[in-house]
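# Report on the structure
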Amino acid sequence: MPVTDFSAATLDELIARAKAASKNTYSPYSQFPVGAAILTDTADIFAGCNVENASYGLTICAERNAVFQMVAQGKKTIKAVVIYTPTPTPSAPCGACRQVINEFGPEVLIVSVCDGPDVLKKRLAELLPDAFGPGNLT
Ligand code: THU
């Protein structure tokens, strides 16, 4: 398990915010609600949910929605991302979300929680090794 550098209370708050966001999901096609909450280096929390579209391909995942909420509010450094799905086992972020999270926090801790006892806790670099990122363009 990676070491967390924020308190258990903060983790609880992130989980609560991700769960609350999952209640706002617009997922009539998949019926798969997802909530995500981001902790920034400034200790702010930004939440997002998945928003689907009749065209299917324009669906945005909860994690990317949360990242964009953060950027829209002027924050750019992610410390942790908590993902909640109301499922028996936790879900790791999809590949597209891993790439977008990498842009703002290659070292971030990803914590996936669900309605069962299992918790998935990994650094982004474990989920997206040898990532292409801003450093490649300099
Ligand atoms: N989804 C997320 O919100 N995050 C992920 O990391 C994986 C998938 C959403 C997209 C779609 O609305 C539904 O889950 C089913 O794929």
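Please refer to the structure placed before this passage.
Here's a quick rundown of the structure. (Residues numbered from 1 in each chain as written. Predicted model: local features only at pLDDT ≥ 70, side-chain atom pairs only at ≥ 80, totals over all residues. Heavy atoms only, no water.)

As summarised here, the arrangement of the five strands in space is β2-β1-β3-β4-β5, forming an open sheet in which the pairing is mixed. Each edge of the sheet is formed by a strand with only one pairing partner; in this case those strands are β2 (45-49) and β5 (120-123). Within this sheet the neighbouring strands show an average axis-to-axis angle of 15°, counted without direction. Where strand β4 (residues 109-113) meets β5, four bridges bridge the pair, whose relative direction is antiparallel. Residue V111 lies in a different strand from β5, and its bridge partner there is K121. The sheet strands contacting helix α1 (residues 8-22) are β1 (35-40), β2, β3 (78-84), β4 and β5, and the helix crosses β1 at an angle near 145°. (Pairing = 2+ DSSP bridges. Helix = DSSP H or I, 4+ residues; strand = E, 2+ residues; numbered from the N terminus. Axes fitted to C-alpha atoms, helices over the stretch in contact; angles between N-to-C directions. Contact = heavy atoms within 4.5 Å.)

Moving on, we get to the nonpolar core. Counting 17 residues, the largest nonpolar core has I38, I78, V81, I101 and I110 as the members making the most contacts within it. Residue assignment for this core shows that the elements contributing at least two residues are β1, α2 (62-72), β3 and α4 (124-127). Those residues in contact with I101 that sit more than four places away from it in its chain are E63, V67, I78, V81, V108, I110 and L124. Membership of the second largest hydrophobic core comes to 14 residues, among which are F6, L39, V82 and V111. (Core = buried A, V, L, I, M, F, W, Y, C linked by side-chain atoms within 4.5 Å. Buried < 20%, exposed > 50% of the residue type's maximum accessible area, 1.4 Å probe, protein only.)

Keep in mind these values describe shape, not function.
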